[in-house]
Amino acid sequence: MCEGEVMNADWEQRVAEVWNSFEAYEEDRAAEFRALIDELAAELPEGDPRGLFERACAFDSTGHSDRAVPLYQEALERGLGGYHKQRAVIQLASSLRNVGRADEGVALLTPELAGPPNELDDAVRAVLALCLADLGREREGLALVLGTLAPHLPRYQRSMARYARALVEPVPS
């Protein structure tokens, strides 16, 4: 492991520790939490996408979706990659929904449905369902949620999957 990788591992560990302590920062201490994240982000080069992402997450998690949106967008524009990129897309879509731009959230998340399966698939579908509901497309949202839930049920998987499809398929005449 080279020096940069050791620093990265140390930085990642410190970021994880701050996030693990998030619950200790009640609403009146949200600015203090964001300051800790800002300090960590400042250790990275100016405009580093990971620092922008962490700052966006901090604003988002403390009720400032409006301030998170441009940071998520910039992180993605600057090449945030891999797992963090998908998290940023999900969280950006959620924040866009929170600021009344659910249609943009749907546009961001819909292509994610076609990607290779991974552990964030359920989150993609949950946020997409919320965006669809905000746009008056509740049946599509419910179909997504039921389709996502079905494989996790101890029984009735086929029935729930069928019901989910029936919510959005045309009714035979």
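In what follows, the structure referred to is the one given above.
Residues numbered from 1 in each chain as written. Predicted model: local features only at pLDDT ≥ 70, side-chain atom pairs only at ≥ 80, totals over all residues. Heavy atoms only, no water.

Novice: What is the right way to read the overall build of the protein chain from this model?
Specialist: When its secondary structure is counted, the protein chain shows nine helices and zero strands. Listing the helices and strands of the protein chain from first to last along the sequence gives α-α-α-α-α-α-α-α-α. By its C-alpha atoms, the protein chain is 65 × 35 × 30 Å across when sized along the principal axes. Counting across all 173 residues of the protein chain, residues that qualify as buried make up 36%. Accessible surface, the protein chain as shown: approximately 10,400 Å² in total, 53% of it carbon and sulfur. Charge-centre separation for the protein chain: the mean point of 18 positive side chains lies 10 Å from the mean point of 30 negative side chains. (Helix = DSSP H or I, 4+ residues; strand = E, 2+ residues; numbered from the N terminus. Buried < 20%, exposed > 50% of the residue type's maximum accessible area, 1.4 Å probe, protein only. Areas by Shrake-Rupley, 256 points an atom, 1.4 Å probe, with all protein chains shown as cover. Lys, Arg positive; Asp, Glu negative; His and termini not counted. Charge placed at Lys NZ, Arg CZ, Asp CG, Glu CD.)

Novice: Could you clarify how one ought to interpret the packing of aromatic side chains in this entry?
Specialist: Centre-to-centre distance and the angle between the planes together describe a pair of aromatic rings. This structure, assessed with the given rule, holds five aromatic pairs. Through successive ring pairs, a cluster of aromatic residues spans Trp19, Phe22, Tyr25 and Phe33. The lysine or arginine in question, arginine 155, covers the ring of tyrosine 156, its NZ or CZ lying 5.7 Å from the ring centre. (Phe/Tyr/Trp six-rings, centres within 6.5 Å; stacked < 30°, edge-to-face > 60°. Lys NZ or Arg CZ within 6 Å of the ring centre and 35° of its normal.)

Novice: How do you make sense of the pattern of salt bridges when you look at a structure like this?
Specialist: Once the charged atoms of two side chains with opposite charge are near each other, the side chains can pair. Under the counting rule described, the total for this entry stands at 10 salt bridges. With a closest N to O distance of 2.5 Å, glutamate 43 and arginine 14 form a salt bridge. Here arginine 14 lies in helix H1 (residues 3–20) and glutamate 43 lies in the loop between helix H2 (30–42) and helix H3 (49–61), a separation of 29 residues in the sequence. Look at glutamate 43 and you get partly exposed, because its relative accessible area is 37%. For aspartate 134, the salt bridge goes to arginine 97, with nearest N and O atoms at 3.0 Å. With a gap of 37 residues between them, aspartate 134 in helix H7 (residues 121–134) and arginine 97 in helix H5 (residues 82–98) connect regions that are remote in the sequence. Connected through shared salt-bridge partners, Asp10, Arg14 and Glu43 make up one network. (Salt bridge = Lys/Arg side-chain N within 4 Å of Asp/Glu carboxyl O.)

Novice: Help me understand the packing of H7 against helix H8 (residues 138–149) in this model?
Specialist: To characterise two packed helices, one gives the angle between the axes of the helices and the distance between these axes. Contact geometry for H7 and H8: axes closest at 7 Å, N-to-C directions at 160 degrees. The angle between the axes of H7 and H8 places the two elements in the roughly antiparallel class. Relative to H8, the crossing made by H7 is left-handed. For the pair formed by H7 and H8, the contact residues are Asp122, Arg125, Leu128, Ala129, Leu132 and Ala133 on the first element and Glu138, Glu140, Gly141, Leu144, Val145 and Thr148 on the second. Among the residues making up the contact of H7 with H8, the classes are represented as six nonpolar, two polar and four charged. (Axes fitted to C-alpha atoms, helices over the stretch in contact; angles between N-to-C directions. Parallel < 35°, antiparallel > 145°, perpendicular 65-115°, else oblique. Left-handed = near helix turned anticlockwise from the far one by under 90°. Contact = heavy atoms within 4.5 Å. Nonpolar A, V, L, I, M, F, W, Y, C, P; charged D, E, K, R; others polar.)

Novice: In this structure, what is going on with H5? I would like to understand it.
Specialist: Residue pairs three or four apart in sequence face the same way in an α-helix, which turns once every 3.6 residues. The terminal C-alpha atoms of H5, which comprises 17 residues, lie 25 Å apart, in line with the 24 Å expected from a rise of 1.5 Å per residue. Looking at H5, one finds that the buried residues are His84, Gln86, Ala88, Val89, Ile90, Gln91, Leu92, Ala93, Ser95 and Leu96. The secondary structure elements touched by the buried residues of H5 are H3, helix H4 (65–77), helix H6 (102–109) and H7. Glycine 100 sits one or two positions beyond H5 and adopts a positive phi of about 85 degrees. (Expected span 1.5 Å × (residues − 1).)

Novice: Hey, could you run me through the environment of threonine 148 in this one?
Specialist: Locating threonine 148 in the fold gives a position in helix H8. On the accessibility criterion, threonine 148 (13% relative accessible area) is buried. Remark: the alpha-carbon pair of threonine 148 and alanine 123, spanning 25 residues in sequence, is separated by 9.5 Å. Not counting chain neighbours up to four residues away, the residues in contact with threonine 148 comprise Asp122 and Arg125.

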